[in-house]
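Structure at a glance
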Amino acid sequence: MAEKKLVLIGGGHSHILLLKKLGMKPIKGLNITLITPEPELVYTGMLPAAILGSYSFDQINIDLIKLSNFAKCRIIFEAVNKINLNKKEIYLDDRIPFGFDILSIDIGINYQLPNISGAEKFSIPVKPFSNFIHNWRKFVSNLTIKKNIIELSIVGAGAAGCELALCINHKIKSLGREPKIYLIDKKEIAGNLPAKAKNKILELLKENKIILRNNINISSIAKGKIHIEDSEIISSDLILSAAGGKPHNWLSETDLNLKNGFVSINQSLQSISHDFVFASGDCASIINFPTQKAGVFAVRAAPFLYQNIQNYVIKKTIKKVQSSEKIFTSINY
Amino acid sequence: MFWGDVTLLGYIPWLIKDFVDRSFIKKFIVKHSMNSSLVEKHIEQEQELCGACGAKVGNKVLESALEKLPKNVNNMLNKIGDDAAIVYLNQGNHVFTTDHLRKFCSDPWIMSRITAVHALGDIWAMGSIPLLVLSHITIPELSLNDQKNHLDDIIDSADQVFKKEGASIIGGHTSKGKELTIGFTILGHTNKNPITLNGAQDGDYIILTKPLGTGIILAGEMQGLAKGLWIKNAHDWMMKSQGLISKFLTNKVNSMTDVTGFGLYGHLKNICKSSNVSAVLSIDEIPILEGALDLSLKGVRSTIFEDNLRQANTDQINSDNKKWPLLFDPQTSGGLLASVPKKHIEEVQSKLKILGLSNSVIGKFVKGGTTISY
Ligand SMILES: Cc1cc2nc3c(=O)[nH]c(=O)nc-3n(C[C@H](O)[C@H](O)[C@H](O)COP(=O)(O)OP(=O)(O)OC[C@H]3O[C@@H](n4cnc5c(N)ncnc54)[C@H](O)[C@@H]3O)c2cc1C
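So, here's what we can say about the structure. Just so it is clear, the structure is predicted and the values come from calculations on it, not from any experiment.

Residues in a regular strand project their side chains so that they alternate between the two faces of the sheet. All names here are of chain B. In terms of burial, strand S7 (residues 277–281) is largely enclosed, as 4 of its 5 residues are buried. Two elements, S7 and strand S9 (residues 361–367), share 5 bridges in a ladder whose sense is antiparallel. Paired with Val 280 across the bridge in S9 is Lys 364. The pairing of S7 with strand S10 (residues 372–373) spans 2 bridges and is classified as parallel.

Another aspect to go through is the sheet that holds strand S8 (residues 98–99) of chain A. Residue and element names in this part refer to chain A. Across the sheet, 3 strands lie side by side as S6-S7-S8; this open sheet has antiparallel pairing. Only two strands of the sheet have a single neighbouring strand rather than two, namely strand S6 (83–84) and S8. Two elements, S6 and strand S7 (residues 89–90), share 2 bridges in a ladder whose sense is antiparallel. Bridging across to S7, Asn 84 finds its partner in Glu 89.

An α-helical turn contains 3.6 residues, so a residue and the one three or four places further along point in the same direction. All names here are of chain B. Look at helix H3 (residues 108–125): 26 Å from first C-alpha to last across 18 residues, which is about the 26 Å you get at 1.5 Å a residue. When you tally the buried positions in H3, you get 17 out of 18 residues, the bulk of the element. Phi for Gly 127, located one or two positions after H3, is positive at around 70°.

In a packed pair of helices, the relevant descriptors are the angle between the two axes and the axis-to-axis distance. Residues and elements named next belong to chain A. Axis separation between helix H6 (residues 159–174) and helix H7 (residues 195–207) bottoms out at 10 Å; the angle between their running directions is 30°. In terms of orientation, H6 and H7 fall into the roughly parallel class. The chirality of how H6 crosses H7 is left-handed. Every residue of H7 that contacts H6 at Cys 162, Ala 165 and Leu 166 is listed here: Ile 201, Leu 204 and Leu 205. Along the lines of polarity and charge, the residues of the contact of H6 with H7 split into 6 nonpolar, no polar and no charged.

Calculation notes
Residues numbered from 1 in each chain as written. Chains lettered and ligands numbered in written order. Predicted model: local features only at pLDDT ≥ 70, side-chain atom pairs only at ≥ 80, totals over all residues. Heavy atoms only, no water. Buried < 20%, exposed > 50% of the residue type's maximum accessible area, 1.4 Å probe, protein only. Helix = DSSP H or I, 4+ residues; strand = E, 2+ residues; numbered from the N terminus. Pairing = 2+ DSSP bridges. Expected span 1.5 Å × (residues − 1). Axes fitted to C-alpha atoms, helices over the stretch in contact; angles between N-to-C directions. Parallel < 35°, antiparallel > 145°, perpendicular 65-115°, else oblique. Left-handed = near helix turned anticlockwise from the far one by under 90°. Contact = heavy atoms within 4.5 Å. Nonpolar A, V, L, I, M, F, W, Y, C, P; charged D, E, K, R; others polar.

See below:
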């Protein structure tokens, strides 16, 4: 029996658990490759704790080399930005086309501020986390320079932005400085959150004297300065972007069916246009099935991903597949 | 909830961190993943293989991997695919060397690249340029499809390295075996006298062109102690070609070698013995790979470490500096080690800085004695 080549694009939160499971219970006849740019995944749920200092940044990293060794999986450090689904090939810089039989995509989303001049150069997106952490540590170690009031702006007041604001506020205080933190959004603060959560978080933000700026249109960003359309300038020692969570562009250059840029999948995590493509985590959206973009969903999808990939492999050989329609529903209980 | 003041965030549904705690991370601490078990995916074998011709990889698989190589090659009269290559040699001196490596990482493409650079080290150390290459590859029993993919990757990756240096793969042999092994035999050329171990002078500076520690990092990986970041960084260094550096150094050094299996100490000792000089190392100046010292302090050693240490047994081994074990760490695709006379040292140092080596000068040679002190 010829082996099937499973290629995992992105060492995200679903894939790390999938790999762990594949290491413990290998699927027979499956040859696995993980393609991802970095050798570590920052475990998102613990990022705030690391910012606060309860854990070291080392402790919140999941080592993808160890994990792929455990899963007997080949690991390639590249960012995928081109695939051909007819030929079932992935194109990587410098390499010959990389073939696959089954694809699973778990690449998360981007947090680059779109279309704001200077944003790329003078603000730091929270993702990739590794880059953010690098810059954050540099910032913290430079705080030794005498300066009492630390000004910092966070653009994007969704759950992530609010959480960051509170953590950073706490951290700066614990370093004996006075934080002055702006939380900026072009719409409402915590606008996407359910009413109860929103009220609670607004209360917390106020209690911690976070400066809230909603309905703000940023016109440009310069070194240490955010220019607002009404010509106000917010000066900041550090500008972070937790806004503009956007699906990766290259997905739209594939034949995959997308919705608003996210891979449309059914409840068995399969692309609705290509049954040999699975997708999970922030980069995918289940059709007619509202889920939020959060690590918790990516994590909970993993056992179903394992199950359904296994089913897919078996189906192809023994032509019998258990309907997996129901399986996924339990994720969003 | 585990992190103090911000507990109330639990009101945000996606921040309910019941699944998020240290035990989650702990699930990912993989114990002891021995390398040998990495990607050995054996398919069931219907019949025992004969180790001689049975070990040969099917013609089709090989042909398709070789297909992508150029048909006409300098210094070669016939075309790839004949029983043997007919080569003609230019005037001058020729150097001829071979090297191979056993599987140490899960990606054959990277492994092939590193092996190519590793094998080229000998050519570069002689101040020569590579011309022709034979490959010898052993691949494990995979399904046919995989064999093809692996071979394609291996040949393509190595070919890119050699092409960049002006050399061509013109043939080789591929067989099936227990684990992936990649090797290259390289013929190189120089119009001048090749640079040897003999020639280091009293007062010459000792330079090293790559950080030490690949042996410790790879041993650390096998013991599950090396971080992914360290491993990837070590791979990146091992893949770094030294063709440019070698060309640049050729007329500025008195002797040169590449640091490989014997470690810095062993290879430096070879220069000392051949040139009848002693080496005084500034151990703090010696560049080392990120993570290598951490692992070394934990007692991680390559299996060849003891051999290397034993080789030096008549010498007084000084273990005052915590970096000392790195001197005996065997290197894969290690740096060039050369003696540079004073008149060139500034130029060499600043050139190497441009090429990304912040410190390359690691000591000095002094008259007589063939000892190494640090
Ligand atoms: C500050 C902050 C705090 C958060 N806190 C929480 C929280 O407490 N709880 C929670 O549930 N969620 C939280 N989230 C949301 C959470 O981070 C995401 O929902 C989660 O990371 C999504 O996981 P994923 O697997 O989809 O993608 P990711 O975890 O982002 O993983 C994507 C992987 O794909 C790789 N990759 C990217 N591009 C490519 C490419 N082109 N080719 C190959 N590989 C690629 C990346 O390197 C990465 O390894 C937080 C987000 C932020 C910004």
